[in-house]
Amino acid sequence: MKKEFICIVCPNSCRITAEYNEQQIKHIEGAQCKKGEEFIKNEIKNPLRTFVGSVKCRNGDYQLVSVKTNKPIPKKYIKQVAQKTHELVVEAPVEIGQVIISDVLGQHADLVATRKVRKKVL
Amino acid sequence: MINKDVVIIGGGAAGLAAAVACRDKGIEDILIIERESALGGILKQCIHDGFGLIKFQHSYTGPEYAQKYVDQVEKQEIAYLLDSMVIDITSQKVLTVVNKSGLKKYKAKSIILAMGCRERTRGAIGIPGTRPTGIYTAGVAQNLINIHNYMIGKEVVILGSGDIGLIMARRLMLEGATIKMVLELLPYGSGLPRNFNQCLSDFDIPLYLNHTVVDIKGNKRVEAITMAEVDHNGKVILSTCQEVPCDTLLLSVGLIPENELSKMAGIQLDSLTGGALVDEYGQSTVKGIFACGNVLQVHDIVDNVSLEAEHIACGVEKYLSSFLKPKNDIAIEIGEGLRYVLPQRIQYLDDTVFSFRVKKPGKKKQIVFKNDNRIIKEKSFIRVNPAEMIRIKLTSSELSDIKHLKVELN
C-alpha cells in the first residue's frame, strides 16, 4: 500500500510517501533528512512519541514540575504514562533532567523533569 | 533618572536572547524588565517539546529552552527586574517602570522591545450568546493547567486550529478531558502540520474545516455551543447549525503583537504584521528603539525568535557605536501571494534575513526577489503554508546596487 505521512521530527513537517506491505517497506519519498526516513520506518512498524506532561510538586515555587520521557516510547503507552503522572507527587527542589520515574513502564526511557523547581521560601 | 545603555522590555524568548547577544557583543550596561515573577515568558507554560531543533539540533521543552538562556543571563550577570512593569516610554527613550518599590525612570541609549503578543479573545471575533464561565483562550488554559494546576473542564470544544489550540487538545485529553472537536473557519489548518498529526490524529480528535461557533449557551457554566459550516466566503450556512453539548470552549484564534508601549513612543506600526515598521536591523521609525520576537511579528518557532533577537543585537551594537549609517532607503514592495514581508525597508544593504508568510497554502511555488525586472534571488518550495514563516537571507553582494526591491510568490 501507499500512504502519505506527516513527519513530526522537526517543524519542516515533511510529507513523506511510503510504499509498503506487511513484510517490508519498498520505497520512501519526500523526507528532507535521514531522521525523517527513520521516523517513517517506525511509524509503519511501531509509532514512537515523546510523552510530555506534569507531576505534582510539594513545597516548590511551582505547584507542578513538567516532565517528558527522555526518549520516544511506543505511542500505545502514552495514555498509560499520563495515568502514572497523575498518581505521583515529588518534593522540591527539582532540577532539569532529574529522573522522576526510571524505565517508565519498562519502555527503556526515563521520565525526567523539564522544569527547575526551587524549594518554596516561606 | 537612571541611565542605561540598553533596556530590554520583556524577559521572554526574545528579550533573553537579545540580552545574551548584546552582552556577547561587549555591551555591559543592560537591563531586562520583566512583568512576571520569573524570566522565561510564555516558554514557561509551553511544556511540550519541539523547541530548539534549528538552534540546538535537539528537541527541548519550553521550560528547558528558556532555562538555557536564563542560565546565560545569570552566568553573565546581566541585570534584570522582575514583577516590574513598564508603563510608559517616550521617543526620547525615557521609560517609566512601576514595581513594589514604587516608580522609577530610566533613560536608555537604546531600547529593545520584546513584549511578545497576546491572544485574540471571544470579543475580538464576536461570538454571540450568553456569558458563562468555561470560555478560555488556549494560552490562558495552558497557563492554568501547566503552571497553576487547575483543570479547566471536562467536555471541550476548541475553536481555531492554531498551534496552542492543538497542543492543548492533546494536553487536555491526556489530563482526562474529552475533546469533542476542533473547528476551523478556514479551509485549511492554522497550525503546523506536525501538530495536526501528533495532537489530533494520534488521539482521533475530529477536525472540522470551514466550521465555526455561532452561539454559546449556558448561564453559570457553558452548556453547549452551536457549530455551523461556512461557505467559501466565510459566511455561515444557517441550515448547517448544530448544537454540541460541552462545558468548555477553548479559543485558538490568533495572536496580536502587544504594541501599546510602542505606540506611546510614537513608533509607526505596520497594519499587516501588527508590529513595528522596521529596517533590516529591527530598528523602528524611532531611532535607537528596536523590536524583535512576537512583538514584531508572530512567530511559529521559538528558534526563529532567538535568531531574530541575536540579529537585532548586531544593530543595537552598531547603533551604540554610531556605526549605523543609512546608505539608502528602499521600501520593500509586497507582491502577489504574500501576506507581509519583514523588514519593511532596508537602509544599510548588509546581509539581511527577510521573513514573510504566504496568504494561502500552495504547492510547487517560488519566492522571487526582484529589482525592477532583474531577478536577484529565487527559491523554490515544494509546499508553502501560511502557518510556516519563510525566512530567506540575501547577502550584501546580492543587495548591492539595488534601487528597488519586490518580493513575490509565483
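Every value quoted in this text rests on a predicted model; they were computed, and no experiment measured them.

**Quick look at the overall build of chain B**
(1) Moving on: Assigned secondary structure in chain B consists of nine helices and 27 strands.
(2) Moving on: Here the C-alpha radius of gyration of chain B, 22 Å, is about what a compact globule of 410 residues would show, namely 22 Å.
(3) Moving on: The C-alpha extent of chain B, read off along each of the three principal axes, is 65 × 60 × 40 Å.
(4) Moving on: Taking all 410 residues of chain B together, 57% fall into the buried category.
(5) Moving on: In chain B, the proportion of contacts linking residues at least 24 apart, taken out of those at least 6 apart, comes to 62%.
(6) Moving on: When the accessible surface of chain B is split by element, carbon and sulfur atoms take 51% of a total near 17,000 Å².
(7) Moving on: In chain B, 49 side chains carry a positive charge and 47 a negative one; their mean positions are 3 Å apart.

**Looking at a nonpolar patch on the surface**
(1) Moving on: A surface patch of nonpolar side chains, about 330 Å² in accessible area, is lined by Met85(B), Ile87(B), Val98(B) and Leu103(B).
(2) Moving on: Residue position: Leu103(B) is located in strand 8 (residues 102-113).

**Considering helix 4 (residues 138-146) of chain B**
(1) Moving on: Of all the positions in helix 4 of chain B, only Ala138(B), Gly139(B), Ala141(B), Gln142(B), Ile145(B) and Asn146(B) are classed as buried. On an axial view of helix 4 of chain B, the arc spanned by its buried residues comes to 155°, and they lie on one face.
(2) Moving on: Of the surrounding secondary structure, the elements contacted by the buried residues of helix 4 of chain B are strand 6 (64-69) of chain A together with strand 9 (117-119), strand 10 (135-137), helix 5 (163-174) and strand 17 (248-251) of chain B.

**Concerning the pattern of salt bridges**
(1) Moving on: Inspection of the entire model under this criterion finds 27 salt bridges over all chains.
(2) Moving on: For Glu91(A), the salt bridge is made with Arg58(A), and the minimal N-O distance between the two is 3.2 Å. Placement of Glu91(A) in strand 8 (residues 89-91) and of Arg58(A) in strand 5 (residues 52-58) is noted, with a sequence separation of 33 residues between them.
(3) Moving on: A salt bridge links Arg345(B) to Asp329(B); the nearest nitrogen and oxygen atoms lie 2.9 Å apart. Here Asp329(B) lies in the loop between helix 8 (302-320) and strand 20 (330-334) and Arg345(B) lies in strand 22 (residues 345-346), a separation of 16 residues in the sequence.
(4) Moving on: Under the relative-accessibility criterion, Arg345(B) is labelled partly exposed at 26%.
(5) Moving on: For Asp329(B), a relative accessible area of 42% corresponds to the partly exposed category.
(6) Moving on: Members of the salt-bridge network, linked through shared partners, are Glu43(A), Arg49(A), Lys75(A) and Asp202(B).

**Some remarks on the interface of chain A and chain B**
(1) Moving on: Facing 31 residues of chain A, the contacting portion of chain B comprises 32 residues.
(2) Moving on: At the junction of chain A and chain B, the tally comes to four salt bridges.
(3) Moving on: Between Arg383(B) and Glu4(A) there is a salt bridge whose closest N-O contact spans 3.7 Å.
(4) Moving on: For the interface between chain A and chain B, the tally reads 10 residue pairs in polar contact (both at pLDDT 80 or more).
(5) Moving on: Looking at the side of chain A that touches chain B, the elements with two or more residues in it are strand 1 (2-6), strand 5, strand 6 and helix 2 (78-87) of chain A.
(6) Moving on: Split by residue class, the side of chain A that touches chain B holds 13 nonpolar, nine polar and nine charged.

**Comments concerning the packing of helix 1 (residues 13-24) of chain B against helix 8 of chain B**
All names here are of chain B.
(1) Moving on: For the pair helix 1 and helix 8, interaxial distance at closest approach is 8 Å and the crossing angle is 40°. As the angle between them shows, helix 1 and helix 8 are arranged oblique. Crossing of helix 1 against helix 8: the hand is right-handed. Residues Ala13, Ala14, Ala17, Ala18, Ala21 and Cys22 of helix 1 form the contact with helix 8, whose participating residues are Val302, Val305, Ser306, Ala309, Glu310, Ala313 and Val316.
(2) Moving on: Across the contact of helix 1 with helix 8, the residue classes break down as 11 nonpolar, one polar and one charged.

The rules behind each value
- Residues numbered from 1 in each chain as written.
- Chains lettered and ligands numbered in written order.
- Predicted model: local features only at pLDDT ≥ 70, side-chain atom pairs only at ≥ 80, totals over all residues.
- Heavy atoms only, no water.
- Helix = DSSP H or I, 4+ residues; strand = E, 2+ residues; numbered from the N terminus.
- Rg over C-alpha atoms; globule rule 2.2 N^0.38 Å.
- Buried < 20%, exposed > 50% of the residue type's maximum accessible area, 1.4 Å probe, protein only.
- Contact = heavy atoms within 4.5 Å.
- Areas by Shrake-Rupley, 256 points an atom, 1.4 Å probe, with all protein chains shown as cover.
- Lys, Arg positive; Asp, Glu negative; His and termini not counted.
- Charge placed at Lys NZ, Arg CZ, Asp CG, Glu CD.
- Patch = residues over 30% accessible without salt bridge, like charges linked within 9 Å, V, L, I, M, F, W, Y side chains within 5 Å.
- Salt bridge = Lys/Arg side-chain N within 4 Å of Asp/Glu carboxyl O.
- Arc of directions from axis to C-beta.
- Polar contact = N/O pair within 3.5 Å; in protein donor to acceptor, adjacent residues only side chain to side chain.
- Nonpolar A, V, L, I, M, F, W, Y, C, P; charged D, E, K, R; others polar.
- Axes fitted to C-alpha atoms, helices over the stretch in contact; angles between N-to-C directions.
- Parallel < 35°, antiparallel > 145°, perpendicular 65-115°, else oblique.
- Left-handed = near helix turned anticlockwise from the far one by under 90°.

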